[in-house]
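Observations on chain architecture
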Amino acid sequence: MYVEIAFPISSYKIFSYKVPLKLRDQIEVGARVQAPFNKRIITGIIVDVSNANKYKGKTYSIDNIIDDDIRISNNLFLLLKWVSNYYISPLGKVLQVALPKALTSNYKPKKIIEVSYRKSDNQILNNSPAQIKALNFIKEQKAPVLINSLKEIVSNPSLVCKTLFNKGFIYWDEKILEPNMNLYTVPPIKKNINFTDEQKNVLKDLKTSQALNKFAPFLLHGVTSSGKTEIYIDIVRYNLQSGKSAIILLPEIVLTPQIAGRFRAEFGDTVGIWHSKLNNSMRSWTWNKIRSGDYKIIIGARSAIFAPANNLGIIIIDEEQENSYKQDSTMPRYHARDVALMRAKINKIPILLSSATPSIESYFNHISLKYSYLQLKKRFGGAKYPKVNIVDMGTEKDETGRPGQILSGLLINKMEETLNKKEQVILMQNRRGFSPIISCGDCGQLEMCVHCNVPLAYHRQGPPLKCHFCGFYLDLVPPNCKKCKSSNILMLGTGTQKIEDIVRNTFPNSSLTRIDMDTSRSAVNLKNSITSFANGDIDILLGTQMIAKGLDFENATLVGIINADTGLFLPDFRSGERLFQLIYQTAGRSGRRKKPGEVIIQTYNPDNSVITHASSLDIESYYKMILEERKSLNYPPYSWLAKIEFSGKDKNHLNKITKKAYNYLNPPYKGLEILGPVDCYYERLRNKFRMQIVLKSYKSVDPNGDKLNKYINKNLTNWNTMKYPNTKISIDINPATLL
């Protein structure tokens, strides 16, 4: 017997091995094995089993099978093979995502031991003072006590108590110490929901689809505060009644505590959470609980789409337009939304893509009749749309004579009114730190990262100068300009820390919490901040785009967008779409109940079409305009894109290799555009220069992207014959950005 094994390496090859006779009964596709590879023993996954050897050279035997009760289901394995093929990633790397290295079926959660007094006729020995002291202490307690609590009574409580137990003086109870799920969710809140007619119609369509047991993609387009979460809960309940499990994907970890709290209120301990902030023991515990079927509802970020859910019945993707669903830094560079669609197709189940601001691709699939369209036009519970005000900061600067003004007069006045009414304020500034740029006031020299071609940002907490790309930092702000030696050092631009200082000084009697990447390193800290604001303990919530969507705060009636222009002029074809969605979603955090809401949008470009459409909440007109622009340029959704990125430490060498790779390309087929090679917008990151070639394949001639996939694979063969030392080539299918 022979097996084909994929290893978690960057090779696209799979490797043939013999199976020893003693292991043959345990062999099946999806099993993890250890095998010799390059003079060491490493772990791989069986991807094929056969009686004939497909390799003509010397064939080694596998060493052993590890955790032989862990298996990837057939459907999940089909999905992983599709991911490998579609995203042109080594199968071993893809399998590594589904079976993270830390996971093992041999994982055992921590145990605690409780002891309690037991009446006994046995006589305790007088020459055992430690046993007597421990027994007297246990006897005095009204409830079982932890063995560890006896450390102050006796020096070796475990040994002493074991002896007492063997003599019949105490009860000994071992319990599994399960991870505390409450650390990762807000307190469960159960709501009694009376569905609107709109919601009833949506649920009717979804439940009808579930009964058909076939692939059915739905786009739920519901305005902010229209009750989409209530739809999720009810359709998952219907799903559970049929004995099936569900996966709910969320784009931001910040959304997980609140939505998980809602689901745990309804479904209790059947809800599992999966995201990158979990520690290793929590991840192992959760993965095994999902695999065993104890967790039937999995809520998490993008990697949760690979969860080993049993009898999967529905997949829900909240805020489906979000770029955070795209893994773009390491292989496989997958998009969780597209992977979810394929998983639903393989499992023959419905999938619900949901958003107040759908991605242009999903909206296009709706108007192309590829997705069934569900709509919620009204806010839930009679809530009204917020009143939106645009503040022209250019005019504000001229009228006040304060060129550096950050909070407009209107925003300050509205904040004061809101806080006086004991209502809450949300402020969004999509830039963390204190100042994003440190500049010389005389010669204009910027303080740059030594590893990246980007300025260092100034922070008030921790090391003062940090690179937001590679993590490089300086412990001190240089007192003089490196170029002209001037001491006129300026801190330019505005981050959340600067806003925090201004707001605290302006409203000293109001409490404030800040949520951004700097304050949210821990899932527990993040949950605590959200809970405090939800409970009304905090008056002002300040944050980056992390707070812009999905969160539901009953008493938040004012939203201020400090600088709506951030990201507006980035040279990326999706920059306008992203900013429109961000402004629209942020505005939607205001006035989500009976109290009327208001939104203040500060901008230096009040007439820009993105700003005007977002402020008027006019999604149909904006999307119509964007689709016309994309069609004229043949950008998605009218084409498939692939970004071939080249990176290396030597710029001249990289130029030569990139041009050589371009010359190795096969002639393009009709309907394929080749753009580049050019420098990336961020030309140098993490000590490596970056160049790219972009392939654009028109859907009019390549409706499924198959032509583009075959073209890239053919050229991979060409590039493998080309020597490119010290250069990394990465392939990103349907990239979220071209920066």
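Figured I'd write up the structure that's included with this text. (Residues numbered from 1 in each chain as written. Predicted model: local features only at pLDDT ≥ 70, side-chain atom pairs only at ≥ 80, totals over all residues. Heavy atoms only, no water.)

Tallying secondary structure elements over the protein gives 19 helices and 30 strands in all. In terms of C-alpha radius of gyration, the protein reaches 29 Å, essentially the compact-globule figure of 27 Å for 739 residues. In terms of its C-alpha atoms, the protein occupies a principal-axis envelope of roughly 95 × 75 × 65 Å. Counting over 739 residues, the protein shows a buried share of 54%. In the protein, the proportion of contacts linking residues at least 24 apart, taken out of those at least 6 apart, comes to 76%. Carbon and sulfur atoms form 49% of the exposed surface of the protein, whose accessible area is close to 33700 Å². Each charge class in the protein can be summarised by its mean position, and for the 101 positive and 66 negative side chains these summaries are 7 Å apart. (Helix = DSSP H or I, 4+ residues; strand = E, 2+ residues; numbered from the N terminus. Rg over C-alpha atoms; globule rule 2.2 N^0.38 Å. Buried < 20%, exposed > 50% of the residue type's maximum accessible area, 1.4 Å probe, protein only. Contact = heavy atoms within 4.5 Å. Areas by Shrake-Rupley, 256 points an atom, 1.4 Å probe, with all protein chains shown as cover. Lys, Arg positive; Asp, Glu negative; His and termini not counted. Charge placed at Lys NZ, Arg CZ, Asp CG, Glu CD.)

Further remarks concern the environment of Ser84. Counting through the fold element by element, Ser84 comes out in helix H1 (residues 74–86). Given the relative accessible area of 14%, Ser84 is considered buried. Apart from the residues lying within four places of it in its own chain, the contact partners of Ser84 are Ser89, Pro90, Leu91 and Val94.

As a further point, take the pattern of salt bridges. As enumerated under the stated definition, the model contains 28 salt bridges in all. Of the charged contacts, one joins Arg574 and Glu361 as a salt bridge, the two residues approaching to 2.7 Å between their closest N and O atoms. With Arg574 in the loop between strand S25 (556–561) and helix H15 (575–587) and Glu361 in helix H10 (residues 360–367), this pair connects stretches of sequence that are 213 residues apart. Neither residue differs from the other here; Arg574 and Glu361 are each classed as buried. Here Glu645 ties to Lys643 by a salt bridge, and the two come within 3.8 Å at their closest N and O atoms. The pair formed by Glu645 and Lys643 is uniform in burial state, with each residue classed as buried. Salt bridges linked by common partners bring Lys207, Asp234, Arg237 and Glu266 together as one network. (Salt bridge = Lys/Arg side-chain N within 4 Å of Asp/Glu carboxyl O.)

Looking now at unusual backbone geometry. The step from Pro636 to Pro637 runs through a cis peptide bond, and the omega angle for that step is 15°. That bond from Gly676 to Pro677 is cis: its omega, 5°, falls within 30 degrees of zero. Assignment of secondary structure puts Pro677 in strand S28 (residues 672–685). For Lys39, which is not a glycine, the phi torsion comes out positive at approximately 65°.

What follows covers the nonpolar core. Core analysis: the largest hydrophobic core is formed by 70 residues, its most contacted members being Val236 and Phe263. Here the element with the most residues in this core is H15; it accounts for 6 residues. Excluding residues that lie within four positions of it along the chain, Phe263 makes contacts with Tyr232, Ile233, Val236, Ile248, Gly268, Val271, Ile297 and Ile299. One finds Tyr86, Tyr87, Leu249 and Leu672 within the second-largest nonpolar core, a separate group that totals 68 residues. (Core = buried A, V, L, I, M, F, W, Y, C linked by side-chain atoms within 4.5 Å.)

Attention now moves to the sheet that holds strand S5 (residues 64–66). Pairing is antiparallel across the open sheet formed by 5 strands, whose spatial order is S2-S1-S4-S3-S5. Looking along the sheet, the strands with just one partner apiece sit at the ends: strand S2 (15–18) and S5. Averaged over all pairs of adjacent strands, the angle between their axes in this sheet comes to 50°, without regard to strand direction. Here 5 bridges tie strand S1 (residues 2–6) to strand S4 (residues 40–50), and the two strands are oriented antiparallel to one another. Residue pairing for S4: Ala6 is matched across the bridge by Ile45. (Pairing = 2+ DSSP bridges. Axes fitted to C-alpha atoms, helices over the stretch in contact; angles between N-to-C directions.)

Summarising the element assignment, Phe646 is placed in strand S27 (residues 639–648). The exposure class of Phe646 is buried, given its relative accessible area of 0%. For the pair Phe646 and Tyr325, spaced 321 residues apart in the sequence, the C-alpha separation amounts to 23 Å. If we skip the residues at most four places from it in the chain, Phe646 touches Leu654, Thr658, Ala661, Phe689, Arg690, Met691, Ile693, Thr727, Lys728 and Ile729.

Turning our attention to the sheet that holds strand S7 (residues 145–146). Reading across from one edge, S7-S6-S8 is the order of the 3 strands in this open sheet, with antiparallel pairing throughout. Two strands bound the open sheet, and with one partner strand each, they are S7 and strand S8 (170–176). Pairing between strand S6 (residues 111–117) and S8: 7 bridges, direction antiparallel. Bridge pairing in S8 links Lys111 to Ile176. Contacts between helix H3 (residues 129–140) and the sheet are confined to S6, S7 and S8, with S6 contributing the most and set at about 85° to the helix.

In contact at an axis separation of 11 Å, H15 and helix H17 (residues 619–633) are set at 170° when each is read in the N-to-C sense. What the angle tells us is that H15 and H17 run roughly antiparallel. The segment H15 lies against H17, with Gly576, Glu577, Phe580 and Gln581 engaging Ile619, Tyr622, Tyr623 and Arg630. Residues that form the contact of H15 with H17 fall into these classes: 4 nonpolar, 2 polar and 2 charged. (Parallel < 35°, antiparallel > 145°, perpendicular 65-115°, else oblique. Nonpolar A, V, L, I, M, F, W, Y, C, P; charged D, E, K, R; others polar.)

All right, on to the state of the cysteines then. For the structure shown, the criterion picks out 0 disulfides. Cys484 takes part in no disulfide bond, and the closest cysteine sulfur, belonging to Cys440, lies 3.6 Å away. Accessibility expressed as a relative area gives 36% for Cys484, which makes it partly exposed. (Disulfide = S-S within 2.5 Å.)

Let us now look at the side chain of Glu230. When you line up the elements, Glu230 lands in helix H6 (residues 228–241). The residues contacting Glu230, other than those within four sequence positions of it, are Lys191, Ile193, Phe195, Gln199 and Arg262.

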